[in-house]
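So the chains spell out like this:
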Amino acid sequence: MLKKIYDTLRAFVTLTLDLQRTRDDIKEMRQEINRLTDAVLRLAYDFQRLEERERLEREKFALETEVRLLKNEREKEKLLSQNTTDKNED
């Protein structure tokens, strides 16, 4: 009878210790999940900023190209105008 009580108490203590270790492990895992979640959120934010920067760079490039084309067109018209004036003077 005493052995049965001892074995039951021993099993109870073992289960209690296992339960506490499991709770501690779950707590650590939750903390790790929170750290990983924060890291993923930072990466997502950085990725969005990178996409925005790239979009702005493409827009800037398109505008610079348009300005160059307009300047070239203006120069071409100026040269054609001068060439026409020179032919009229001859």
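Up top is the structure.
All of these numbers come straight from a predicted model, not from anything done at the bench.

**Student:** Looking at this structure, I do not really get the overall build of the protein. What am I missing?
**Tutor:** Check the secondary structure of the protein and you find one helix and zero strands. For a compact globule of 90 residues, the expected C-alpha radius of gyration is about 12 Å, and the protein comes in at 39 Å, more than 25% above that figure. Expressed as lengths along the three principal axes of its C-alpha atoms, the size of the protein is roughly 130 × 10 × 5 Å. Counting only residues that meet the buried cut, the protein has 0% of its 90 residues in that class. Surface summary for the protein: the accessible area is close to 9100 Å², and the carbon and sulfur share equals 59%.

**Student:** How should I be thinking about the pattern of salt bridges in this particular structure?
**Tutor:** Should the charged atoms of two oppositely charged side chains come close, the side chains can pair. Counted according to the given criterion, the structure contains five salt bridges. For Arg55, the salt bridge goes to Glu59, with nearest N and O atoms at 3.1 Å. Residue Arg55 and its partner Glu59 are both found in helix H1 (residues 2–89); the two are separated by four residues, about one turn of the helix. Judged by relative accessible area, Glu59 falls into the partly exposed class, the value being 41%. Look at the salt bridges and you will find they share partners, linking Glu52, Arg55 and Glu59 into a network.

**Student:** Looking at this model, I keep getting lost on a nonpolar patch on the surface. Mind explaining?
**Tutor:** Together, Met1, Leu2, Ile5 and Leu9 line one region of the surface with nonpolar side chains, adding up to about 500 Å² of accessible area. For Met1, the position within the fold is in the segment before H1. Met1 gets classed as exposed once you look at its relative accessible area, which sits at 77%.

**Student:** Looking at this structure, how should I read the packing of aromatic side chains?
**Tutor:** Given two aromatic rings, one states the distance between the centres and the angle between the planes to describe the pair. Tallying each qualifying case throughout the model produces zero aromatic pairs. Across from the ring centre of Tyr45, 4.8 Å away, lies the NZ or CZ of Arg49, which sits over that ring.

**Student:** Would you mind going over a negative patch on the surface with me for this structure?
**Tutor:** Together, Glu51, Glu54, Glu57 and Glu64 give the surface a local cluster of negative charge. Of note, Glu54 is situated in helix H1. What makes Glu54 partly exposed here is its relative accessible area of 41%.

Calculation criteria
Residues numbered from 1 in each chain as written. Predicted model: local features only at pLDDT ≥ 70, side-chain atom pairs only at ≥ 80, totals over all residues. Heavy atoms only, no water. Helix = DSSP H or I, 4+ residues; strand = E, 2+ residues; numbered from the N terminus. Rg over C-alpha atoms; globule rule 2.2 N^0.38 Å. Buried < 20%, exposed > 50% of the residue type's maximum accessible area, 1.4 Å probe, protein only. Areas by Shrake-Rupley, 256 points an atom, 1.4 Å probe, with all protein chains shown as cover. Salt bridge = Lys/Arg side-chain N within 4 Å of Asp/Glu carboxyl O. Patch = residues over 30% accessible without salt bridge, like charges linked within 9 Å, V, L, I, M, F, W, Y side chains within 5 Å. Phe/Tyr/Trp six-rings, centres within 6.5 Å; stacked < 30°, edge-to-face > 60°. Lys NZ or Arg CZ within 6 Å of the ring centre and 35° of its normal. Lys, Arg positive; Asp, Glu negative; His and termini not counted. Charge placed at Lys NZ, Arg CZ, Asp CG, Glu CD.

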